[in-house]
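# Structural features, examined
Residues per chain, in single letters:
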Amino acid sequence: MNKLLICLALAAGNLLSSGASFAQTMPQNGQLYKAFGEKPGLVALMDDFMVRLLADPRTGPHFQPANQQRVKEQLVEQLCALSGGPCVYKGADMKSAHANLDIKKSEFHALVEVLQQSMDAKGIPFRKQNEMLALLAPMNRDIITPPESAGKP
Amino acid sequence: MTPPLLPLLTILLLITTAAQAETGKLLLTGGVSSIEGSAGGGLTPWAVIGSNATAGETGGSAYLTHVGTRDYGLNIYGAAVGINDRYELSIARQDFNTRDTGVALGLPGLHLKQTIVGAKVRVLGDAVLDSDTLVPQVAVGVQYKSLGSTGLDGTLTALGAKRSGVDVYVSATKLFLGQSLLVNGTLRATKANQNGLLGYGATLGGNENRYSLQPEFSVAWLLSKNVAVGAEYRFMRNKLESAGRAAGLGNGLRSEDWKDIFIAWAPTKNLSLTLAYVDLGVIVPATTGSRKQTGYYLSAQVAF
């Protein structure tokens, strides 16, 4: 019975602490921004990211026709703002930016994988990577094309 | 046992077909194959849909598991198909080697063989990507379990246990991505004794034969992209004990909760290996000196 209580307490504790620290998905004192090497770190990360995105057959076709320099700049701005850095994202909102693109969930996952490769290459610790991904992942709702409207103009 | 072969073959065929196509789930987010075939942790199903298939895709997985405890061995193989990251069909074959217990029962070489056909539907949420809300991924599932005929049939009948049963469960899975922590809770309605290996229900001695609700919990901490460690706790129905008592066996058929601590490793996108230390409590303590069935669990899964 003791074991059971410990187990329940653990599970509840995990739920509570995760709930309470949900604010952790909001940037705190720019710690995440610092972990990513601030502005120079983000610029280097996005340079690496774009090279990999273009090289990956799953993501390349989506980024080839884009203004890559501008996409990189906007990503730097966006990640900087999200991670608590001194930036304001001034680009288009995610929904309208992706409205005319037909993006599948598997392609969104591919993009996450490529970003993980870039973050690995830049030596960003796994837990910090996940903190950043937790801020970015909800954008899937605006980026992925819903199945019912896929293929339509 | 010819009937289970058909669904197994169907599933293998579907897997082969699915393997032709590219599938794009994130690493380990399809879970591993649980002992009953459903995607999840080792001992309990999760709300995730098995295989590497995400929205708009079909994928499959197959697995082999071996559990060795102090007095028993359990070999499992099975397969699952995931469709559109919403539907999951699975099948598992469990072969439980009773070893000295079989000998003590006058049934040397007794193997209890259980077939489990499962279906699961994700009803809401995305366990991985919905990282800005507390809403988990939720799925409901059903498992049809049938125990092959053995020399134990007469004993099970005498205890009022049937040789087939249906479990229904609801699972909620949430990945707290910012914390690299996955939590799952499952609530199962079941009549199974020792997960069905000792039949379903136990009416001897006037036992009520209703379903009981058993909770199951898993926590997993992601150490890296392809390694997770965690623990599980699965409450077990213990109705066979009173049937056993009515049969003059004292607490010789008692069962206890199952638990494990595990490490799962995905060396590639298509392969995962899970190693666990399990504690299945007592299993037929009458013939095993009431020893806790602790031991190891080793599982390999391929997924597309």
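Note that this is a predicted model, so its numbers are computed, not measured. What you see as residue numbers is a count from 1 along each chain, following the sequence as written. Each chain gets a letter, beginning with A, and each ligand a number, beginning with 1, in the order they are written. Only residues with pLDDT of 70 or above have their local features reported here, since the model is predicted, and side-chain atom pairs are shown and tallied only from 80 upward, although totals for entire chains, interfaces and linings are computed over all residues.

### Description of the overall build of chain A
Put simply, the rule reads: For the purposes of this entry, the term helix denotes a DSSP run of H or I that reaches at least four residues, the term strand denotes a run of E that reaches at least two, and both are numbered from the N terminus. Any residue surrounded by 20 or more other C-beta atoms within 10 Å of its C-beta is treated as buried, while 12 or fewer makes it exposed and the intermediate range makes it partly exposed; C-beta atoms here are placed from the backbone. Here the contact rule is simple: place C-beta atoms from the backbone, and any two residues whose C-beta atoms are within 7 Å are in contact.
When helices and strands are tallied, chain A shows nine helices and zero strands. Sequence-ordered secondary structure for chain A, helices as α and strands as β, is α-α-α-α-α-α-α-α-α. The buried share among the 153 residues of chain A stands at 27%. Taking the intrachain contacts of chain A between residues at least 6 apart in sequence as the baseline, contacts between residues at least 24 apart amount to 75%.

### Some thoughts on the overall build of chain B
Cut-off, in case you're wondering: Between the two quantities, the radius of gyration covers C-alpha atoms and the globule rule is 2.2 Å times the number of residues to the power 0.38.
On a plain count of helices and strands, chain B comes out with four helices and 14 strands. Relative to its length of 304 residues, chain B is compact, with a C-alpha radius of gyration of 19 Å against a globular reference of 19 Å. Seen through its principal axes, chain B has C-alpha atoms that stretch 55 × 40 × 30 Å. Burial analysis of chain B (304 residues in total) assigns 55% to the buried set. For chain B, contacts bridging at least 24 residues in sequence account for 63% of all contacts bridging at least 6.

### Some words on the confidence of the model for chain A
Residues and elements named next belong to chain A. Just so we agree on the cut-off: pLDDT gives the predictor's per-residue confidence on a scale running from 0 to 100.
On average, residues of chain A score 83 in pLDDT, and 78% of them are at 70 or above. The least confident element of chain A, judged by mean pLDDT, is helix α1 (residues 2-20) at 49; the most confident is helix α3 (residues 38-55) at 97. Per-residue pLDDT stays below 50 along residues 13-24; that stretch engages in 11 contacts with residues further than four places along the chain or on separate chains.

### Some details on the pairing of strand β13 (residues 271-279) of chain B
Residue and element names in this part refer to chain B. Just so we agree on the cut-off: Strand pairing is assigned whenever DSSP detects at least two bridges linking the two strands.
Burial along β13 is one-sided: the face carrying Ser272, Thr274, Ala276 and Val278 is buried and the face carrying Leu271, Leu273, Leu275, Tyr277 and Asp279 is not. In this structure, strand β12 (residues 258-268) lies alongside β13, joined through eight bridges in antiparallel fashion. Following the sheet pairing, Thr268 is matched in β13 by Leu271. A loop of two residues connects β12 with β13, the two strands running antiparallel in sequence. Across nine bridges, β13 lies against strand β14 (residues 294-303) in antiparallel orientation. Its bridge partner lying in β14, Val278 is registered against Gly295.

### Side note on the packing of α3(A) against helix α7 (residues 105-121) of chain A
Residue and element names in this part refer to chain A. Spelled out, the test is: Note on definitions: angles span 0 to 180 degrees between N-to-C directions of axes, and those axes are lines fitted to C-alpha atoms, for helices only across the stretch in contact. To sort the angles, those under 35 degrees are grouped as roughly parallel, those over 145 as roughly antiparallel, those from 65 to 115 as roughly perpendicular, and the leftovers as oblique. A clockwise turn of the near helix away from the far one marks a right-handed crossing, whereas an anticlockwise turn of less than a right angle marks a left-handed crossing.
The contact between α3 and α7 brings their axes to 9 Å, and the two run at 135°. By the angle between their axes, α3 is oblique relative to α7. Crossing handedness for the pair α3 and α7: right-handed. Where α3 abuts α7, its residues Leu45, Asp48, Phe49, Arg52 and Leu53 lie against Val114, Leu115, Gln117, Ser118, Met119 and Ala121.

### Here we look at the pairing of strand β7 (residues 137-147) of chain B
Consecutive residues of a regular strand have side chains that alternate between opposite faces of the sheet. Note: strand β6 (residues 111-124) of chain B against β7(B), 10 bridges, orientation antiparallel. Across the sheet, residue Gly118(B) finds its bridge partner in β7(B), namely Gln143(B).

### Details of α7(A)
Residues and elements named next belong to chain A. Short version of the rule: Expected span, for any helix, means 1.5 Å times one less than how many residues it has.
Across its 17 residues, α7 extends 24 Å between first and last C-alpha, which sits within 8% of the 24 Å expected from 1.5 Å per residue. Every buried residue of α7 is accounted for by Lys105, Ser106, Glu107, Phe108, His109, Ala110, Leu111, Val114, Leu115, Ser118 and Met119. Buried residues in α7 make contact with α3, α4 (60-63), α8 (126-136) and α9 (140-143). Where α7 terminates, the next one or two residues include Gly123, which has phi positive at roughly 70°.

### Remarks on the environment of Met132(A)
All names here are of chain A. On the secondary structure map, Met132 appears in helix α8. Judged by local crowding, Met132 falls into the buried class, with 24 C-beta atoms found within 10 Å. Taking the C-alpha atoms as reference, Met132 lies 7.0 Å from Ser83; in sequence the two are 49 residues apart. When near neighbours in sequence (up to four residues on either side) are disregarded, Met132 contacts Leu32, Phe36, Leu79 and Ser83.

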